[in-house]
Amino acid sequence: MTIDDGKVVSIAYVVRGGDDDEVIDAAEVAEPLEYLHGPHSGLIPGLVTRLAGHVTGDHLSMVITPDEGYGARDEAKVRRIPVRRFGDQKVRVGALLRFEQGGRAETATVLAIQGDYATVDLNHPLAGLELKFEVDVVNVREATPEELEHGHPHGAHGHHH
Ligand code: ZN
């Protein structure tokens, strides 16, 4: 079966990036990432585009630029905000915290803390990085009507309502 919109796809992968090509994330064949292929997959666009048309057993090596990945870094997204905006979350340097801004959930990396204020980076932690993926297509199947309606797979793993 060929990867196309409306298919549930399982992939094993290793992604590297940064100055040292360190491993950023990975999923093993025994516990693959399952996603619903299409424009709202939740995966980065470059990955979805390149996986289209492949079948179970295919191996892909790809380099994904920030344009097709998590976007370019925007220095305007490094800002000072009051620590109290983080509510009950523990604010410390290096922490990845969530807060609401204009009704949207944002993720912030804490860079520094000065008194009641934190300097945070609202860029995605992988923004600006060229990502090197090694991907194995583990399985491809038709999505069920319920999965299509919900917009996500209902596999053994990774399904939370
Ligand atoms: Zn669901």
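Residues numbered from 1 in each chain as written. Predicted model: local features only at pLDDT ≥ 70, side-chain atom pairs only at ≥ 80, totals over all residues. Heavy atoms only, no water.

Here we come to the domain arrangement of the protein. Where interface size is given, it is often the accessible area lost as the parts come together that is meant. Parsing the protein into structural domains produces domain 1 (7-70 + 127-150) and domain 2 (75-121). Once you take the C-alpha centre of each, domain 1 and domain 2 turn out to be 29 Å apart. (Domains from an automatic or database assignment.)

What follows deals with the environment of Leu-148. Among the structural elements, Leu-148 can be located in helix H2 (residues 145-150). Along the sequence, Leu-148 and Gly-6 sit 142 residues apart, while their C-alpha atoms lie 6.8 Å from each other. Other than its neighbours up to four places away in sequence, Leu-148 contacts Gly-6, Leu-36 and Ala-143. (Helix = DSSP H or I, 4+ residues; strand = E, 2+ residues; numbered from the N terminus. Contact = heavy atoms within 4.5 Å.)

With that settled, consider the packing of aromatic side chains. Following the criterion strictly, the structure yields two aromatic pairs and no others. Ring geometry for Tyr-13 and Phe-133: centres 6.3 Å apart, planes at 50°, overall tilted. Taken together, the residues Tyr-13 in strand S1 (residues 7-17) and Phe-133 in strand S9 (residues 131-142) connect sequence positions 120 residues apart. For Phe-133, a relative accessible area of 6% puts it in the buried group. Measuring from ring centre to ring centre gives 5.5 Å for Phe-86 and Phe-99, while their planes differ by 75°; the resulting arrangement is edge-to-face. Of this pair, Phe-86 sits in the loop between strand S5 (78-82) and strand S6 (96-101) while Phe-99 sits in strand S6, and the two are 13 residues apart along the sequence. (Phe/Tyr/Trp six-rings, centres within 6.5 Å; stacked < 30°, edge-to-face > 60°. Buried < 20%, exposed > 50% of the residue type's maximum accessible area, 1.4 Å probe, protein only.)

Let us look at the nonpolar core. In this structure, Leu-47, Leu-51, Phe-133 and Val-135 are the most contacted members of the largest nonpolar core, which totals 18 residues. Where this core is concerned, the elements lending two or more residues are S1, helix H1 (45-51), strand S4 (59-64) and S9. The element best represented in this core is S9, accounting for five residues. When sequence neighbours within four positions are dropped, the list of residues in contact with Leu-47 reads Met-62, Ile-64, Phe-133 and Val-135. Within the second largest apolar cluster, 11 residues are counted, among which are Ile-81, Leu-97, Val-110 and Ala-118. (Core = buried A, V, L, I, M, F, W, Y, C linked by side-chain atoms within 4.5 Å.)

Here the focus is the sheet that holds strand S8 (residues 117-121). On the basis of which strands lie adjacent, the open sheet formed by four strands has the order S5-S8-S7-S6 and antiparallel pairing. Every interior strand has two partners, whereas the edge strands, S5 and S6, have only one. The mean inter-strand angle of the sheet, taken between neighbouring strand axes irrespective of direction, is 50°. Across five bridges, S5 lies against S8 in antiparallel orientation. The partner of Arg-80 across the bridge, within S8, is Thr-119. (Pairing = 2+ DSSP bridges. Axes fitted to C-alpha atoms, helices over the stretch in contact; angles between N-to-C directions.)

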